[in-house]
Amino acid sequence: MRGNEANRVISVSQGGLYHCRGGRGDPVYYTEDSSDVIITEKFPSKPTVTLQPSWTQIYSGETVTVRCEIQGGEGAQWTYEWRAAKLNTPPTSNEHRIIRATESDSGGYSCRGRRDYFFTEWSDIITLTVSYKPKAKLRADNTAVPVGGSVTLTCSVNPSSSSGWKYYWYRDEKSSEALTTQDAVFHSNGQISVSQEGLYRCRGGRGNPVYYTEDSQSVRIGKTVTASNRPVVTLYPNWSEIYRGETITVRCEIHGGDTEWDYEWETNSMIKAPNQNEYRIRSASSSNSGNYRCKGRMKSSQHKTTEWSDSVTLTVSDNKPRPVLTVSPSWLSPGASVTLNCEVEHPSAGWSFYWYKAVPDLSEKSSSYELLPDGSGTAQDSYIIHGQTHTAGYVCRAGRGDPEYHTDHSQPTFVWSADVHSAASLTVSPDRVQHFTSDSVSLTCEGNFTEWRVRKFSEDGRLYSDCRRMTGSTCNINTSKSDTAVYWCESGSGEFSSAVNITVQNDGNGPILVSPVHPVTEGASVSLSCSLRTQKKYFPMCFLSQ
């Protein structure tokens, strides 16, 4: 190519090796030639990198080929350039064959082609991942062949995204010959059905030459003996719910014949059962909760087993039960007996009952418990007290099992007496049952005792153990609606006073009935009147007795 003298700039459309020189004068005087400049042409087609086989997940030891393909450039003599951080000496051909791949071959690969002064673009990067040699995983839907049936085995290679595997099956430790259709029924790739007992394993293979995974763990498949030997799981004692700390035995029973068995347990509880026919759980906890089933394996032929038993569910509650005690009647009447009833959750589940009298303990602001006559371990959940005349508190608890497990004590429950002839007494000032809100009321304990406390049982069923404002033997109350309750005194020597009902009128504009706190003797006179909060004096009204 030549240019005229005036052109210092030219345009070219062909690849090649270009240089220039200057000249002037006549004859022309020429400079030396410039340095050469290579001009290349870009090939319009972008190459593609492919893997053969087309697995992006390759395992250590496999063979894989990385190939550069240029569409439309077939038949041309291309030289190839590769970008791969792991290639110490990149090839110049269109493929790179990796024999016995290692983790160091992992990475991104891209390429481009060159022919004379033609270059393609760089291809997109394809990523190759090389991992450690995988181990096949074998799973059996059952570990014992049922009578006249078969067991399905499944072989797989993780991750599940890896592809191209065929599976090879083997029976017993020393066998290197893969199973054939004479030994098993072959289903979809990765599953077979077998009806022979033995120790099975599998492995996966792919590629050419075949690359094998490591063998799976072996799974022993046994033969199921006759259905009449199917075991049964029982709980002893057979209670539907067990409480934390109780003792329970889970037992596997196989009936029929004189066969000696080894036992296997399957459970989803956090604590696994031992391989014995009995699993004794001492001091149970919620971690023992779960489904239990068992099977037997013949000691004389370890390949022969029973079927699995049906599952039995064991539920262990971490909450220690507390019974509820009720009394009837709540208020004593002359000559009436008192019936105590103790109720526990799951009442039919083997409980015995213990009955106690609550004895005030002022030092602990609580009560101690004295066992009632013949009140130890009764089978009945009720207890009858005859001849009770004074206010008293009672408690119960329940026990069961061997060794015996005890519930917590119930909350104290009281039977009240209005008898004013007891060793301790309670006086109320002003002496009336009904009061207005914000009235000042004094409750005074009387008797030959030095220590006292006033107890209160409110309308909502709550028991209060002490008075907020206690001065000596007197409890002072500035009344509110919540002070509507039954009140009584307890001495430091364990005596109870008579009980009184106090009602606080919530309606500030309504009247109250003025009547004595304590009952009056039959035939005695009594004064009744009504009072309004706004009136200083009582006024007579008409009363209707029902």
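Keep in mind the model is a prediction, meaning the values are calculated, not measured. (Residues numbered from 1 in each chain as written. Predicted model: local features only at pLDDT ≥ 70, side-chain atom pairs only at ≥ 80, totals over all residues. Heavy atoms only, no water.)

### Considering the sheet that holds strand 32 (residues 324-328)
Thought 1: Reading across the sheet, the 3 strands line up as 32-33-36 and stay open at both edges, with antiparallel pairing between neighbours. Only two strands of the sheet have a single partner each, and these edge strands are strand 32 and strand 36 (382-385). Put simply, the sheet's adjacent strands are angled 20 degrees from each other on average, direction ignored.
Thought 2: As defined by bridge partners, strand 33 (residues 338-343) adjoins strand 36 across 4 bridges and the pair is classed as antiparallel. Among the inter-strand pairings, Val-338 is bridged to a residue of strand 36, identified as Ile-385. (Pairing = 2+ DSSP bridges. Helix = DSSP H or I, 4+ residues; strand = E, 2+ residues; numbered from the N terminus. Axes fitted to C-alpha atoms, helices over the stretch in contact; angles between N-to-C directions.)

### As for a nonpolar patch on the surface
Thought 1: Judged by side-chain polarity, Ile-10, Val-12, Val-37 and Ile-39 come together as a nonpolar surface patch covering roughly 300 Å² of accessible area.
Thought 2: Considering the arrangement of structural elements, one finds Val-37 in strand 4 (residues 37-39).
Thought 3: The class for Val-37 is partly exposed, based on a relative accessible area of 45%. (Patch = residues over 30% accessible without salt bridge, like charges linked within 9 Å, V, L, I, M, F, W, Y side chains within 5 Å. Areas by Shrake-Rupley, 256 points an atom, 1.4 Å probe, with all protein chains shown as cover. Salt bridge = Lys/Arg side-chain N within 4 Å of Asp/Glu carboxyl O. Buried < 20%, exposed > 50% of the residue type's maximum accessible area, 1.4 Å probe, protein only.)

### Structural notes on the environment of Arg-206
Thought 1: Here Arg-206 lies in strand 20 (residues 198-206).
Thought 2: The exposure class assigned to Arg-206 is buried, which follows from its relative accessible area of 3%.
Thought 3: In this structure the C-alpha to C-alpha distance between Arg-206 and Tyr-167, which are 39 residues apart in sequence, comes to 8.8 Å.
Thought 4: The contact partners of Arg-206, leaving out residues within four places of it in the chain, are Trp-55, Gln-57, Ile-58, Tyr-59, Glu-62, Ser-162, Ser-163, Gly-164, Trp-165 and Tyr-211.
Thought 5: At a separation of 2.8 Å, a polar atom in the side chain of Arg-206 contacts the main-chain carbonyl oxygen of Gln-57. (Contact = heavy atoms within 4.5 Å. Polar contact = N/O pair within 3.5 Å; in protein donor to acceptor, adjacent residues only side chain to side chain.)

### Describing the nonpolar core
Thought 1: If you look at the biggest cluster of nonpolar residues, it comprises 42 residues, and the most contacted ones within it are Leu-340 and Trp-355.
Thought 2: If you look at the next biggest cluster of nonpolar residues, it comprises 20 residues, including Val-145, Leu-179, Val-219 and Ile-221. (Core = buried A, V, L, I, M, F, W, Y, C linked by side-chain atoms within 4.5 Å.)

### Side note on the packing of aromatic side chains
Thought 1: Evaluated as defined, the whole model comprises 13 aromatic pairs.
Thought 2: With a centroid separation of 6.3 Å and 45 degrees between ring planes, the pair formed by Tyr-243 and Trp-351 is classed as tilted. Of this pair, Tyr-243 sits in strand 24 (residues 242-243) while Trp-351 sits in the loop between strand 33 and strand 34 (352-361), and the two are 108 residues apart along the sequence. With respect to class, Tyr-243 is no different from Trp-351; both count as buried.
Thought 3: Aromatic ring contacts, followed pair by pair, group Trp-331, Phe-414, Trp-416, Phe-457, Trp-488 and Phe-496 into a single cluster.
Thought 4: The ring of Trp-165 carries the charged tip of Arg-206 above its face, separated from the ring centre by 4.4 Å. (Phe/Tyr/Trp six-rings, centres within 6.5 Å; stacked < 30°, edge-to-face > 60°. Lys NZ or Arg CZ within 6 Å of the ring centre and 35° of its normal.)

### A short note on the pairing of strand 27 (residues 278-281)
Thought 1: Of the two faces of strand 27, only the one carrying Tyr-279 and Ile-281 is buried; Glu-278 and Arg-280 on the other face are not.
Thought 2: Summarising the sheet, strand 25 (residues 248-253) and strand 27 pair through 4 bridges and their orientation is antiparallel. By the bridge assignment, Val-250 is partnered in strand 27 with Tyr-279.

### Some points on the sheet that holds strand 8 (residues 64-69)
Thought 1: Here we have 3 strands laid out as an open sheet, ordered 6-8-10, and antiparallel in their pairing. A single partner strand is all that each edge strand has here, and the edge strands are strand 6 (48-52) and strand 10 (95-98). Neighbour-to-neighbour, the strand axes of this sheet turn through a mean angle of 15 degrees, independent of strand direction.
Thought 2: Here strand 8 runs beside strand 10; their pairing, made up of 4 bridges, is antiparallel. Paired with Arg-67 across the two strands is Glu-95, which belongs to strand 10.

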